[in-house]
Amino acid sequence: MNTKVTIAGVEFKNPVMSASGTFGSGMEYASLVDLNKLGAVVTKGVSNIPWEGNPTPRVAEVYGGMLNAIGLQNPGVDVFIERDLSFLSKYDTNVIVNVCGKSVEDYIEAVERLNDTNADMFEINVSCPNVKEGAIAFGQKADALFNITDKIKKVSKKPIIMKLSPNVTDITEMAKAAEAAGSDAISLINTITGMKIDIERRKFVLANKTGGMSGPAIKPVAVRMVYQCANAVKIPIIGMGGIMTGEDAVEFLMAGATAVAVGAANFINPSAMIDVIDGIDNYMRKHNVSDINEIIACV
Amino acid sequence: MFYRNVDEGKVISQEEISDGIFSLWIKNEGANEAGAGQFVGVYPKDKSTLLMRPISICETDKEAGSMRLVYRVAGKGTKEFSSLKKDDTVKILANLGNGFPVDEVKGKCIVLMGGGIGIPPMLGTAKALFGEDVHSYLGYRNNDTFLSDEFLKYSKVYLASEDGSVGVKGNVLDALRASINVKPDVIMACGPMPMLRAIKKYAEENNIKAYISLEERMACGVGACLGCVCKTVKKDDHSHVNNTRICTEGPVFDATEVDI
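Sequence positions are assigned chain by chain, starting from 1 and proceeding in written order. Written order determines the labels here, with chains lettered from A and ligands numbered from 1. Per-residue local features of the predicted model are confined to residues with pLDDT of at least 70, and side-chain atom pairs are confined, for both listing and counting, to 80 or more; whole-chain, interface and lining totals are unaffected and use all residues. For the side-chain quantities, the full set of heavy atoms in the structure was used; hydrogens and water were omitted.

Chemist: Describe a nonpolar patch on the surface, and please don't skip the residues or the numbers.
Modeler: On the surface, Met195(A), Ile197(A), Ile199(A) and Phe204(A) cluster together into a nonpolar patch covering about 420 Å² of accessible area. Accessibility here uses a 1.4 Å probe with only protein chains present; expressed as a share of the type maximum, an area under 20% marks a residue as buried, one over 50% as exposed, and anything in between as partly exposed. Note on Phe204(A): relative accessible area 36%, which makes it partly exposed. Patch membership requires more than 30% relative accessible area and the absence of a salt bridge. Residues of like charge join within 9 Å; the nonpolar side chains Val, Leu, Ile, Met, Phe, Trp and Tyr join within 5 Å. For every accessible area listed, the method is Shrake-Rupley and the probe measures 1.4 Å; residues are considered covered only by the protein chains on display. Here a salt bridge means any side-chain nitrogen of Lys or Arg lying within 4 Å of a carboxyl oxygen belonging to Asp or Glu.

Here it is as structure tokens:
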């Protein structure tokens, strides 16, 4: 039974990886999850310099999901390379580094610093809804997305994956812009902007007022967008949004994703990714699928 | 003392010890490794409530391999836990965070302070310090002084109530000020943020070492999501910004290190 998939020339032992921001750099979960079993670890967003992130409360539970407004707190690329990437180099798994920035120059600086590391690919975060400058500003207009993709592609020594926001009118326009500018793959969806109000205190629950919604409640939206993008572009897609089980992952693969990422589920079940990997195996056995690539975009 | 796993907890007993406050004893693998002031994440079974509920460990029974969680019903998750009965199972992420440094304070005059639902973790702390010079100051809203009798087994007990119905009228610091013979070398505390802020200030003014246990809305519990941070005075060694993770570097902090 073959579970290997290839994205932009990078081979993954299976199509399951962490969704950026939900798994730290793997270090935090390493005592609970065997990282060697994962298709890849996608690290929490890193920028050229340390970022403090947003005030608290940063997280809230909502029906069937959660909101977060962390604001991309990170220690900066220098510490990240020295500490987190060296930690990950001990494991037999691919490493995808999620990169964020407030300006095109920030992204380029971070990518240049990361070019000669053990990272296999870069995922470019142009879709975080929780920071005021940069990030999503590049991910909600096709021409801005084209521009930043083009500039990063020119300096990157590794394949790049543009991570798309669902908070747009037509996500296929964004997918096409990323492809046209040379992105090697796309990942979607980032979180959906939401809000929760504490009616007893008459206040916003999150200090940031709005937050990105994730969790099983957003899965149908994500599957639909993956399907739409798979029909709009030829580059591979990493699908994510509410995946809790192997069956959920199979749904994304059938919609057209070559690989999948597991996010909020890690919080609910630290071995969620292992369960998803086993669940895909079970599905393949039960349905006599000898190669996982057979079911990709099969609907 | 490092145990970290998803435990299948078996319920030994549960009772409502005060209005909306429940005492749950569970047998689980991590119980014997748990330290005073650490916490666990309890997962609701209802799939619409996804995240673990961080609950402090009230005390452990090493012989029985069990831990006691005393919590207030605050929402859907804790409401579900309140219906757990003997022999039910419950999934918990244990053990989380760094507790009170009980080994470092022995031989000193130790004041423990608990306010409201911050009282439970102080019981296990008093138990861990049994035999030392320990004074427990417990703050309540009224004369419903849950757990206070149990502190008597391990320490001297001083009560404060907001309505003055029991002990000193006011808060735990009012009660400490009223007991002129107690000169603390160290304070360990858990309770609402205004109480912790006041303790931090009091300790700094009086040159007393203080350890305070903080809480914040949490998602992962293991330091990955950066949801539950607290501002710090100096740059944090892990985050490299003035933020520290309550679930991992805390929940207990040296009060001088956090900006609350």
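The rest of the description comes next.
Chemist: Summarise the interface of chain A and chain B; cite the residues concerned and give the values.
Modeler: Taken together, the contact between chain A and chain B spans 35 residues of the former and 34 residues of the latter. Between chain A and chain B the total buried area reaches about 2,800 Å² when both faces are included, carbon and sulfur atoms providing 60% of it. Inspection of the chain A/chain B interface yields 3 salt bridges. Here Arg53(B) makes a salt bridge to Glu61(A), at a shortest N to O gap of 2.7 Å. Identification of polar contacts relies on pairs of N or O atoms within 3.5 Å, with a donor-acceptor requirement for protein atoms, meaning one able to donate a hydrogen and the other able to accept it, and with residues adjacent in sequence counted only if both atoms are side-chain atoms. At the boundary of chain A with chain B, the tally comes to 11 residue pairs in polar contact (both at pLDDT 80 or more). Where helices and strands are cited, they refer to DSSP runs of H or I of at least four residues and of E of at least two residues respectively, numbered from the N terminus. Looking at the side of chain A that touches chain B, the elements that each hand over two or more residues are strand S5 (59-62), strand S6 (65-68), helix H1 (77-88) and helix H7 (265-268) of chain A. The class makeup of the residues in the side of chain A that touches chain B is 19 nonpolar, 10 polar and 6 charged. Only heavy atoms enter the contact rule, under which two residues are in contact if any of them lie within 4.5 Å. Put simply, buried area is the surface a 1.4 Å probe can reach on two separate parts but cannot reach once they are joined, added for both. Charged means Asp, Glu, Lys or Arg here, nonpolar means Ala, Val, Leu, Ile, Met, Phe, Trp, Tyr, Cys or Pro, and polar covers whatever is left, Gly included.

Chemist: So what's going on with the state of the cysteines? Residues and values would help.
Modeler: By disulfide we mean two sulfur atoms from cysteines, separated by a distance within 2.5 Å. Under the criterion given, the structure shown has 0 disulfides over all chains. In this structure Cys229(A) is a free cysteine whose sulfur lies 18 Å from that of Cys298(A), the closest cysteine sulfur available. A relative accessible area of 0% means that Cys229(A) is categorised as buried. Among the cysteines around Cys247(B), which has no disulfide bond, Cys228(B) carries the closest sulfur, lying 3.7 Å off. Its relative accessible area of 3% is what places Cys247(B) among the buried residues.

Chemist: Explain the sheet that holds S6(A) to me, and be specific about the residues and the numbers.
Modeler: All names here are of chain A. Read across the open sheet, the 4 strands follow the order S5-S6-S14-S11; overall the sheet is antiparallel. Both outer strands of the open sheet, S5 and strand S11 (192-195), are each paired with one neighbouring strand and no more. The mean inter-strand angle of the sheet, taken between neighbouring strand axes irrespective of direction, is 40 degrees. We call two strands paired when DSSP finds no fewer than two bridges between them. Summarising the sheet, S11 and strand S14 (residues 210-214) pair through 4 bridges and their orientation is antiparallel. Opposite glycine 194, over in S14, you have glycine 211 as the bridge partner. All axes here are fitted lines through C-alpha atoms, helices being fitted over the stretch that makes contact, and every angle between N-to-C directions spans 0 to 180 degrees.

Chemist: An account of the pattern of salt bridges is requested, with residue identities and associated values reported.
Modeler: All names here are of chain B. One pass over the full model with this rule turns up 25 salt bridges over all chains. A salt bridge links aspartate 87 to lysine 10; the shortest N-O distance between them is 3.9 Å. One end of the pair, aspartate 87, is in the loop between helix H1 (76-81) and strand S6 (89-96); the other, lysine 10, is in strand S1 (residues 5-18), with 77 residues separating them in the sequence. Beyond isolated ion pairs, a larger network of salt bridges with shared partners links Glu59, Arg68, Lys127 and Glu150.

Chemist: Go over unusual backbone geometry, please, and point to the residues and values.
Modeler: For the peptide bond that leads from Thr56(A) to Pro57(A), omega is -5 degrees, which places it in the cis range. You can see Pro57(A) is positioned in the loop between strand S4 (40-42) and S5. Cis geometry marks the peptide bond from Leu188(A) to Ile189(A), where omega comes out at 10 degrees. Among the structural elements, Ile189(A) can be located in the loop between strand S10 (185-188) and S11. Unlike most non-glycine residues, Leu147(B) shows phi in positive territory, near 70 degrees. Mapping Leu147(B) onto the fold places it in the loop between strand S8 (133-140) and helix H3 (148-151).

Chemist: Hey, could you go over the packing of aromatic side chains for me, with residue numbers and the actual values?
Modeler: A pair of Phe, Tyr and Trp rings is counted when the ring centres sit within 6.5 Å of each other, with Trp represented by its six-membered ring. The angle between the planes then sorts it: under 30 degrees is stacked, over 60 is edge-to-face, the rest tilted. Throughout the structure, instances matching the rule amount to 8 aromatic pairs over all chains. Between Tyr71(B) and Phe81(B), the aromatic rings sit 6.3 Å apart at their centres with planes inclined by 85 degrees, giving edge-to-face as the arrangement. With Tyr71(B) in strand S5 (residues 66-72) and Phe81(B) in helix H1, this residue pair connects regions lying 10 residues apart in the sequence. Among the aromatic residues, those joined into a cluster by ring pairs are Phe22(B), Tyr71(B) and Phe81(B). A cation sits over an aromatic face here: Lys102(A) above Trp51(A), 4.5 Å from the ring centre. By definition here, charges over rings are those cases where NZ of Lys or CZ of Arg is within 6 Å of the ring centre and within 35 degrees of the ring normal.

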